[in-house]
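# Coordinates in review
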Amino acid sequence: MPEIKFPSDWLKINDNVQEGDTIRFADAGTLDPENDQYVFNVDIFHGGVKTETKKFNLNRTNFKVINAVYGTNSDAWVGKDMVVNKLKVRNPQTGLMVDSIALTAPVTK
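Here goes a summary of the coordinates provided.

About the criteria used
- Residues numbered from 1 in each chain as written.
- Predicted model: local features only at pLDDT ≥ 70, side-chain atom pairs only at ≥ 80, totals over all residues.
- Heavy atoms only, no water.
- Helix = DSSP H or I, 4+ residues; strand = E, 2+ residues; numbered from the N terminus.
- Polar contact = N/O pair within 3.5 Å; in protein donor to acceptor, adjacent residues only side chain to side chain.
- Contact = heavy atoms within 4.5 Å.
- Phe/Tyr/Trp six-rings, centres within 6.5 Å; stacked < 30°, edge-to-face > 60°.
- Buried < 20%, exposed > 50% of the residue type's maximum accessible area, 1.4 Å probe, protein only.
- Core = buried A, V, L, I, M, F, W, Y, C linked by side-chain atoms within 4.5 Å.
- Salt bridge = Lys/Arg side-chain N within 4 Å of Asp/Glu carboxyl O.

Turning to its location among the elements, Asp81 is positioned in strand S5 (residues 81-90). Side chain to side chain, Asp81 and Arg24 meet in a polar contact 2.6 Å long. With near-sequence residues (within four places) excluded, Asp81 lies in contact with Thr22, Ile23, Arg24, Tyr70 and Pro106.

Next comes the structure, spelled out in structure tokens:
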């Protein structure tokens, strides 16, 4: 029997992005006033090949990591890469541990 998965417009670890994949900011993001969060379109690269574009909801922790590499002006992030890592965090609504996306700077050679 096939595994049932519903497609999503959002970046989701273990679904449309895996640990070690790279994301590239496709735009400077917009503020979602309903949730008071910034949303970006990001291109997903698996093995150096672009697979698709998804929406990415920026949290404060990932912002701090991106800021350390590219600064606070998201216009400067467009076309820049970050590496996806998988991290276990507690879901505040359910109390369960879930996989989450933790970004790190790309390794420069």
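Another aspect to go through is the packing of aromatic side chains. Counting across every chain of the model gives four aromatic pairs. Plain terms: the ring middles of Phe25 and Trp77 are 5.4 Å apart, the flat faces sit at 55° to each other, and that makes the pair tilted. Of this pair, Phe25 sits in strand S1 (residues 22-25) while Trp77 sits in the loop between helix H1 (60-70) and S5, and the two are 52 residues apart along the sequence. Exposure remark for Phe25: the relative accessible area of 1% places this residue in the buried category. When its relative accessible area of 1% is taken as the criterion, Trp77 is described as buried. Relative to Trp77, the ring of Phe63 lies with its centre 6.2 Å away and its plane at 45°, an arrangement referred to as tilted. One end of the pair, Phe63, is in helix H1; the other, Trp77, is in the loop between H1 and S5, and 14 residues separate them in sequence. Through pairs of rings, three or more aromatic residues link up here, namely Phe25, Phe40, Phe63 and Trp77.

In terms of nonpolar packing, the biggest core is built from 16 residues, with Leu11, Ile101 and Leu103 touching the most fellow members. Elements supplying a minimum of two residues to this core: S1, strand S3 (37-46), strand S4 (49-58), S5 and strand S6 (97-104). Per-element tally for this core: the top contributor is S3, with three residues.

Next up on the list: the pattern of salt bridges. For side chains of opposite charge, pairing can occur when their charged atoms come near one another. Counted by the stated rule, this structure contains five salt bridges. A salt bridge links Lys5 to Asp15; the nearest nitrogen and oxygen atoms lie 3.2 Å apart. Taken together, the residues Lys5 in the segment before S1 and Asp15 in the segment before S1 connect sequence positions ten residues apart. Here Asp15 falls in the partly exposed class, since its relative accessible area comes to 29%. One salt bridge in this structure joins Asp43 and Lys50, with 3.4 Å as the shortest N-O distance.

On to H1. Residues three or four positions apart in an α-helix share a direction because the helix packs 3.6 residues into each turn. The N-cap residue of H1 is Asn59: its side-chain oxygen and the backbone nitrogen of Thr61 are 3.2 Å apart. In the segment just after H1, Gly71 is the residue with positive phi, at about 90°.

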